[in-house]
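Below, each chain spelled out in residue letters.
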Amino acid sequence: QVQLVESGGGLVQAGGSLRLSCAASGIIGSDSYMAWYRQAPGKQRELVATISTGGKTTYADSAKGRFTISRDNAKNTVFLQMNSLKPEDAAVYYCYAGRVGIPSVRYWGQGTQVTVSS
């Protein structure tokens, strides 16, 4: 069973930075990828960034130029460096792991709160 544990959330002023971490235990399988989603109150959960095992990344338009997703495969950990944070970035951030082409294989972390004060 795969478990994802996020850390690094907190309160930051607008313009500040935070680095989220997600440690994965267990074996996800081949062609796996990891991602960060976020969900603000009253809004749907949205994709923020993804990263493949090989390091290929994608970003939501709202994250481009400000957020960087990376991973340490040896430690089975994925990171989200968030810079120039805005109040609209405030949300619960969730770590996600899945396998390409197999939607039934998906894992979620418990979420970590990010609060951005203006």
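A. Representation of the overall build of the protein within the structure. On a plain count of helices and strands, the protein comes out with zero helices and eleven strands. Traced from its N-terminal end to its C-terminal end, the protein shows the element sequence β-β-β-β-β-β-β-β-β-β-β. In terms of overall dimensions, the protein is globule-like: its C-alpha atoms have a radius of gyration of 14 Å, near the 13 Å expected for 118 residues. Each principal axis of the C-alpha atoms in the protein carries an extent, and together these give about 40 × 25 × 25 Å. Within the protein, buried positions represent 42% of all 118 residues. A separation threshold of at least 6 residues defines the contact pool for the protein, and within that pool the share at least 24 residues apart is 54%. Counting every atom, the protein has about 6,300 Å² of accessible surface; 48% of that belongs to carbon and sulfur. For the protein, the separation between the mean place of its 12 positive charges and that of its 7 negative charges on side chains is 2 Å.

B. Summary view of the state of the cysteines. The tally for this structure, following the rule as stated, stands at one disulfide. Two residues share a disulfide in this structure: Cys22 and Cys95, whose sulfurs sit 2.1 Å from each other. Its S-S torsion of approximately -85° makes the covalent link between Cys22 and Cys95 left-handed. Taken as a pair, Cys22 in strand β3 (residues 18-25) and Cys95 in strand β9 (residues 91-99) lie far apart in primary sequence, 73 residues in all. No difference in accessibility class separates Cys22 from Cys95, as the two residues are buried.

C. View of the side chain of Ser32. In this structure, Ser32 sits in strand β4 (residues 32-39). When neighbours within four sequence positions are excluded, Ser32 is seen to be in contact with Ser52, Thr53, Arg71, Gly98 and Arg99.

D. Looking closely at the pairing of β4. Most of β4 sits out of view: six of its eight residues are buried. In this sheet, β9 lies alongside β4 in antiparallel orientation, the contact comprising eight bridges. Across the sheet, Ala35 pairs through a bridge with Tyr96, a residue of β9. Counting the residues between successive antiparallel strands, the hairpin from β4 to strand β5 (residues 46-52) contains six residues, one of them, Gly42, with a positive phi of roughly 80°.

E. How the structure looks around the sheet that holds β3. Judged by pairing direction, the sheet is antiparallel, and its four strands sit side by side in the order β1-β3-β8-β7 without closing on themselves. If you trace the sheet from one side to the other, it starts and ends with β1 (3-7) and β7 (67-72), each paired once. Strand-to-strand twist of the sheet, defined as the mean angle between neighbouring strand axes without regard to direction, takes the value 15°.

Rules used in this analysis
Residues numbered from 1 in each chain as written. Predicted model: local features only at pLDDT ≥ 70, side-chain atom pairs only at ≥ 80, totals over all residues. Heavy atoms only, no water. Helix = DSSP H or I, 4+ residues; strand = E, 2+ residues; numbered from the N terminus. Rg over C-alpha atoms; globule rule 2.2 N^0.38 Å. Buried < 20%, exposed > 50% of the residue type's maximum accessible area, 1.4 Å probe, protein only. Contact = heavy atoms within 4.5 Å. Areas by Shrake-Rupley, 256 points an atom, 1.4 Å probe, with all protein chains shown as cover. Lys, Arg positive; Asp, Glu negative; His and termini not counted. Charge placed at Lys NZ, Arg CZ, Asp CG, Glu CD. Disulfide = S-S within 2.5 Å. Pairing = 2+ DSSP bridges. Axes fitted to C-alpha atoms, helices over the stretch in contact; angles between N-to-C directions.

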